[in-house]
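Understanding the architecture of this molecule
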Amino acid sequence: MRRLGWGLVMLLLPLLLVGWGGVQQWRAETAQEQAGIIRQWLATPSEDLLRTLPWAARKELAGRLDTREVLQRQLDELDTDRHWLSVRRTLAGVGGWLAWGALVAGIGAWLRLRYDAWRALRSAHYLHQRMTASWRVLGRWLSVYMGLLAGSLGLLLLYEVSAGFSHAAQGGVTVLIVVLPLASLLLVCLRTAWRMRQQWPRIGASNASFLGRQLHRQRAPALWQWVEGLAAQLHAPVPDNIVVGIDQSFFVTSVPVVLQPCQSVLNGRTLYLSLPCLGALSQREAAAIIGHELGHFRSRDTEQGSATNARFSLMCAQFSTLVDAERGAAWVARPVVWAAGQFLHHFQVAVHHWGREQELLADRAGAEVAGPELFMQALLRAIALSSVVDALLHECGGQGLLAALPRHLQRVPLRLDEDVLGLTMPHPFDSHPPLAARLDNLRIRLDGALLQAAMRQPGDHDRQWFNQLCGGAMEAERQGL
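As a convention, each chain's residues are numbered from 1 in the sequence order in which they are written. For a predicted model such as this one, the threshold for reporting local features is a pLDDT of at least 70, and the threshold for listing and counting side-chain atom pairs is 80 or more; totals across whole chains, interfaces and linings nevertheless cover every residue. Heavy atoms throughout the structure, all of them, feed into the side-chain values; hydrogens and water do not.

1. Comments concerning the overall build of the protein chain
- Secondary structure summary: the protein chain contains 19 helices and seven strands in total.
- In the protein chain, buried positions account for 50% of the 481 residues.
- The long-range fraction of contacts in the protein chain, counting pairs at least 24 apart against all pairs at least 6 apart in sequence, stands at 81%.
- Accessible surface, the protein chain as shown: approximately 23,100 Å² in total, 58% of it carbon and sulfur. Numbering of helices and strands runs from the N terminus; a helix is a DSSP stretch of H or I covering at least four residues, while a strand is a stretch of E covering at least two. Three labels apply to residues, based on accessible area from a 1.4 Å probe with only protein chains included: buried if under 20% of the type maximum, exposed if over 50%, partly exposed otherwise in between. Any two residues whose heavy atoms approach within 4.5 Å are treated as being in contact. Note on areas: these come from Shrake-Rupley sampling with a 1.4 Å probe, and a residue is covered only by the protein chains present in the view.

Structure below.
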């Protein structure tokens, strides 16, 4: 209801200004008409004047000998204010039209948002190609909305200021005490419109940044040869870079990667390997998971999917900045924040939908390496390991993690929560389908034997095969990480 409420505020604000402008225009027209009516009264002979006046005027002027003088003073006041009446009538008219424009801009922003989100949910190509452009278009619509709102409010306030000074002798200035506080809303509208025009979150070049070390081909030729063999088996492109780190997941990306702490930039296709998991998986299990990641390269979804997910994550981060900036602002700016949040909400559905499709397709590639059962066994084991690695990271902050994990697994066996079918594999900038969908995709039934194999205690081979494959290069990397 709260989300819907801010949407209604976006529509009601212009409508309120339209109504206010209509009342102001009626006031100006009434004053102009009154001047013409008084002239007709004054053209009437004095003996017939009272009979010519309407009942309300006769009652007000009854018994006064200076009726004609009173009417003449009223006409003089209206004639003195005649020029400003025309100006105020114009201000009210233009202010009303600007408010109508703001209403159209608000509706247009909402309809464009929903249309783009609808297209993105039905076309991955549209999502990848148009998401950033749609974000910019929304910013332009909303900046126009706030600009028109500010223009309308400013003109209507000028009307009241002019009317107040024109009727200062009759106490018109007191109206300003009620009207002028609305000037603070005008300032908020102007500030928000300017900020959106100049500082609407811009999406630059997509990149990723994480802790890791690059394994060059010259330092780990056997590892590269093994990965190349998996890529050849799957008819997938070979990664341009292989990175190892203490993150609890395996992933691939095609966006530029900034490695920490060395600040080196990697371009092209990057395969990230989780060192903690590699010390607890068998080589066949690791091959199945890496096959899944290479499946993303085979389907070419990383070229666009990785960039889209990275840009969407950046949009969410920038939206949080926008929310913080407008947190202390007046409520009149909240519809803008609401519209930006609605954009992210509806596009998130599309991003997750196509991400799920890509993950399920990559699962089939992982199953081609050593069979679907072994792939699901590796996936279950990796999910269980990820929760242990995450807990140890919070406990030791990454220092000594690679030594602490084997000791922990010797004392505490791996296990999965009861809601195992709802679990997902962690990922730094993507979302994975729940385990139930992945099992159904590969037509695998989760039974006790599969869980027992996945939750086994790591053996000597699990702990040593990756070090042996990398030779002496791995010890230096372990010390660096």
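2. Things to note about the UniProt feature "transmembrane region" (unreviewed entry) in the protein chain
- UniProt records the feature "transmembrane region" (unreviewed entry) at residues 94-113, 137-159 and 171-194, using the numbering of this structure.
- Between the end C-alpha atoms of residues 137-159 there is a gap of 33 Å, over a span that is 100% helix and 0% strand. UniProt positions are given in the numbering used here, feature names are shortened, and annotations may be inferred rather than shown by experiment.

3. Concerning the packing of helix 14 (residues 372-396) against helix 16 (residues 435-442)
- Fitted lines through C-alpha atoms serve as axes, helices being fitted only where they are in contact, and the angles separating the N-to-C directions of these axes extend from 0 to 180 degrees. Between helix 14 and helix 16, the shortest axis-to-axis distance is 10 Å and the interhelical angle comes to 170°. With respect to helix 16, the element helix 14 is oriented roughly antiparallel. Facing helix 14, whose interface residues are Pro372, Phe375, Met376, Leu379, Leu380 and Ile383, helix 16 presents Leu435, Arg438, Leu439 and Leu442.
- Basically, the charged four are Asp, Glu, Lys and Arg, the nonpolar ten are Ala, Val, Leu, Ile, Met, Phe, Trp, Tyr, Cys and Pro, and anything else, Gly included, counts as polar. In terms of residue class, the contact of helix 14 with helix 16 is made up of nine nonpolar, no polar and one charged. Just so you know how the angles are binned, under 35 degrees is roughly parallel, over 145 roughly antiparallel, 65 to 115 roughly perpendicular, and the rest oblique.

4. Describing the environment of Leu380
- Mapped onto the secondary structure, Leu380 falls in helix 14.
- For Leu380, a relative accessible area of 1% corresponds to the buried category.
- Taking the C-alpha atoms as reference points, Leu380 and Leu446, 66 residues apart in sequence, are found 10.0 Å from one another.

5. Examining the nonpolar core
- By size, the foremost hydrophobic cluster in this structure holds 60 residues, and its most contacted members are Leu223, Trp226, Leu273, Leu294, Met376 and Phe466.
- Broken down by element, this core gets its largest block of residues, twelve residues, from helix 14.
- Residues contacting Leu223, with those up to four places away along its chain left out, are Leu215, Ile242, Phe466, Leu469 and Cys470. Residues grouped as a nonpolar core are buried Ala, Val, Leu, Ile, Met, Phe, Trp, Tyr and Cys residues, joined through side-chain atoms within 4.5 Å.

6. A look at unusual backbone geometry
- The step from Gln260 to Pro261 runs through a cis peptide bond, and the omega angle for that step is 5°.
- Position of Pro261 among the secondary structure elements: in the loop between strand 5 (257-260) and strand 6 (265-266).
- Residues other than glycine seldom take positive phi values, yet Arg443 does so here, at roughly 55°.
- Take Arg443: its relative accessible area is 78%, and that puts it in the exposed class.

7. Quick look at the pairing of strand 7 (residues 270-274)
- Among the five residues that make up strand 7, five are buried, leaving the element largely enclosed by the rest of the structure.
- A two-sided burial pattern is seen for strand 7, the buried positions comprising Thr270, Tyr272 and Ser274 on one face and Leu271 and Leu273 on the other.
- In terms of strand pairing, strand 3 (residues 241-245) meets strand 7 through five bridges, oriented parallel. Within strand 7, the residue paired with Val244 across the bridge is Leu273.
- Summarising the sheet, strand 4 (residues 251-253) and strand 7 pair through three bridges and their orientation is antiparallel. Considered in strand 7, the bridge of Val252 is made with Leu271. Strands were regarded as paired on the criterion that DSSP finds at least two bridges between them.

8. Describing the pattern of salt bridges
- Salt bridge, as used here, is a side-chain nitrogen of Lys or Arg placed within 4 Å of a carboxyl oxygen of Asp or Glu. Under the counting rule described, the total for this entry stands at eight salt bridges.
- One salt bridge connects Asp116 with Arg112, and the closest N-O pair in it is separated by 3.0 Å. Taken together, the positions of Asp116 and Arg112, both in helix 5 (residues 82-122) and four residues apart, correspond to about one turn of that helix.
- In this structure, Arg298 and Glu368 form a salt bridge, with 3.1 Å as the shortest nitrogen-oxygen distance. Linking Arg298 in helix 11 (residues 283-298) with Glu368 in helix 13 (residues 334-370), this pair joins segments that are 70 residues apart in sequence.
- Its relative accessible area of 29% is what places Arg298 among the partly exposed residues.
- Connected through shared salt-bridge partners, Glu285, Arg381, Arg456 and Asp462 make up one network.

9. A look at the packing of aromatic side chains
- Each aromatic pair joins two rings of Phe, Tyr and Trp (for Trp, the six-membered one) with centres within 6.5 Å, and gets the label stacked for planes under 30 degrees apart, edge-to-face for over 60, and tilted for any other angle. Per the counting criterion, the structure on display carries nine aromatic pairs.
- With a centroid separation of 4.3 Å and 20° between ring planes, the pair formed by Phe343 and Phe347 is classed as stacked. Here Phe347 and Phe343 lie together in helix 13, a separation of four residues that amounts to about one turn. Both residues of the pair, Phe343 and Phe347, belong to the buried class.
- Through pairs of rings, three or more aromatic residues link up here, namely Trp135, Phe343 and Phe347.

10. Considering the packing of helix 9 (residues 221-234) against helix 11
- At their nearest, the axes of helix 9 and helix 11 sit 9 Å apart, and the two run at 60° to each other. One way to sum up the angle between helix 9 and helix 11 is to call them oblique. Handedness of the crossing formed by helix 9 with helix 11: right-handed. Contacts between helix 9 and helix 11 pair Trp226, Val227, Leu230, Ala231 and Leu234 from the former with Gln283, Ala286, Ala287, Ile290, Gly291, Leu294 and Arg298 from the latter.
- Each residue belonging to the contact of helix 9 with helix 11 can be placed in one class, and the counts come to nine nonpolar, two polar and one charged. We call a crossing left-handed when the near helix sits turned anticlockwise from the far one by less than a right angle, and right-handed when that turn is clockwise.

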